[in-house]
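# Close look at the chain arrangement
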Amino acid sequence: MSDSERASYDAIIVGAGVIGSAMAFELAKKGWKTLNVDKLPASGYGSTSNSCAIVRAHYSTFDGVAMAYEGFSYWKDWSNYLESEDERGHAVYMQSGTVLFMLEGGHHEKVLPLFDQVGVPYEVLTNEELRERYPFYEHGTHGEPCRPEDDRFWAEPEGELVGALYTPDSGYVSDPQLASHNLQRAAEAKGGEFRFNTEVVDVRRSDSRVAGITLSDGTEIDAPVVVNVAGPHSFVINKMAGVYDSMNIKTKALRHEVHHVPSPEGIDFEADGLHSSDSDLAIYVRPESGNNILIGSEDPACDPQVWIDDPDDYDTVVSDEQWNAQVLRLARRMPELGVPSEKKGIVDLYDVSDDWIPIYDRTDLDGFYVAIGSSGNQFKNAPVAAYCMAELIEAVEGGHDHDAEPLVVTGVHTGLEMDMGFYRRNREINPNSSFSVNG
């Protein structure tokens, strides 16, 4: 192909997970000619497909709560947001609500003032009210989280929960991969293009500006803007672009397991259950189709962390040790659970930043942007993060100095001001981060 015939776009987006697909939609709505490239066979086929897809707002910073609360409105009005049809139908938002179990000195003490400041609706439930609404939960506290091989794990409860913080607008998305496909179709309806089974091997530059990408078959595609939304492969793409070392906050891939167990006999958890966050036992749960319960880990210090150097090569088999730990933890909170003999679950990678807060930013390479460090807890924020990134990209490409004067984006639905400087690449590690995940 001659230089005059080679493909060129206004923006190339590396990755077609839920955030990458949402970014294509938001840029396409602004009239940008976009191309998403992904090495996998379909949108949302990677870590997005295995996301717990939980939509909740109990973050430990104002900016985290504000973005999550803005995101609620997108999911609650999903079909209208998309402005398009999908032959597979639209993902469904299951507004089950959330309970955050409260402990003395616990996470809720940071969250409640932020909910008041942002305007998130909530109720504080006593243990008696918690028992009336959700009788399948017991209310003991068990001290510092530990593993079943520790004798403390089997000790009687030390005390009782303070109660629970209930947020009625939260919940989870029924099918995270379908949500990504919905966004792909929405972007395509606006002119966006997608290429799958397509691997990027180089991010090209011309002087101090990005020039485009090179694919594994040698094809070169040009664009003045390239956005890294590659999930667990984000650090690989940053190294290709030569920006990895210049970023103060970096990302890496973390192996993670989520498990599925049948609901206790006589309990319709799929219909009557909800998302629950339990820092006392370091797990979170939500209903799963087939009247199952999904169990995720909140990454307590006692659990091993398995960091992955090559995101294309890791152990994808559910481990006996982590299965036992998470299922037995839930059995302490849900005594009627029972422990099935058959292990069911999924193993995938999180794209984790140094402080578990995503990086939504430009980089030192002009025209090269990142929306990374988001796996594990940013599915819920995909539409609003994409909107904010589209605003940031357009502002910076228009001459705004985001490093000197961080862009503030006003939420479409809530009117909340979201300071994009909070997510900058060169921030210091945020001490208010929970350094964990909750879907």
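Everything below is about the structure printed above this text.
Reading the values: rules and limits
- Residues numbered from 1 in each chain as written.
- Predicted model: local features only at pLDDT ≥ 70, side-chain atom pairs only at ≥ 80, totals over all residues.
- Heavy atoms only, no water.
- Helix = DSSP H or I, 4+ residues; strand = E, 2+ residues; numbered from the N terminus.
- Buried < 20%, exposed > 50% of the residue type's maximum accessible area, 1.4 Å probe, protein only.
- Polar contact = N/O pair within 3.5 Å; in protein donor to acceptor, adjacent residues only side chain to side chain.
- Contact = heavy atoms within 4.5 Å.
- Pairing = 2+ DSSP bridges.
- Axes fitted to C-alpha atoms, helices over the stretch in contact; angles between N-to-C directions.
- Parallel < 35°, antiparallel > 145°, perpendicular 65-115°, else oblique.
- Nonpolar A, V, L, I, M, F, W, Y, C, P; charged D, E, K, R; others polar.

## Describing the side chain of Asp280
Mapping Asp280 onto the fold places it in the loop between β17 (275–278) and β18 (283–288). With relative accessibility at 4%, the residue Asp280 sits in the buried group. One polar contact links Asp280 to Arg333, side chain to side chain, over a distance of 3.1 Å. If we ignore the near neighbours within four places in the chain, the residues touching Asp280 are Leu103, Gly140, Thr141, His142, Gly143, Pro145 and Arg333.

## Re the sheet that holds strand β22 (residues 359–362)
Across the sheet, which stays open at both edges, the six strands sit in the order β11-β2-β1-β15-β23-β22 with mixed pairing between neighbours. Bordering the open sheet on either side are β11 (193–195) and β22, each of which pairs with just one other strand. Averaged over neighbouring strand pairs, the angle between their axes works out to 15 degrees when direction is ignored. Note: strand β1 (residues 11–14) against strand β15 (residues 226–228), three bridges, orientation parallel. Bridge assignment links Ile12 to a residue of β15, and that residue is Val226. Against the sheet, helix α1 (residues 18–29) contacts β1, β2 (34–37), β11, β15, β22 and β23 (368–372), and its axis sits at roughly 170 degrees relative to β2.

## Quick notes on the packing of helix α2 (residues 62–76) against helix α10 (residues 382–397)
Angle between the axes and distance between the axes are the two parameters that describe a pair of packed helices. Running from amino to carboxyl end, α2 crosses α10 at an angle of 110 degrees, the nearest separation of the two axes being 7 Å. The orientation of α2 relative to α10 falls into the category roughly perpendicular. For the pair α2 and α10, contact is made by Met67, Glu70, Gly71, Tyr74 and Trp75 and by Pro383, Val384, Ala385, Tyr387 and Cys388, respectively. A breakdown of the residues in the contact of α2 with α10 according to their chemical character gives eight nonpolar, one polar and one charged.

Any link to function would need more than the numbers given here.
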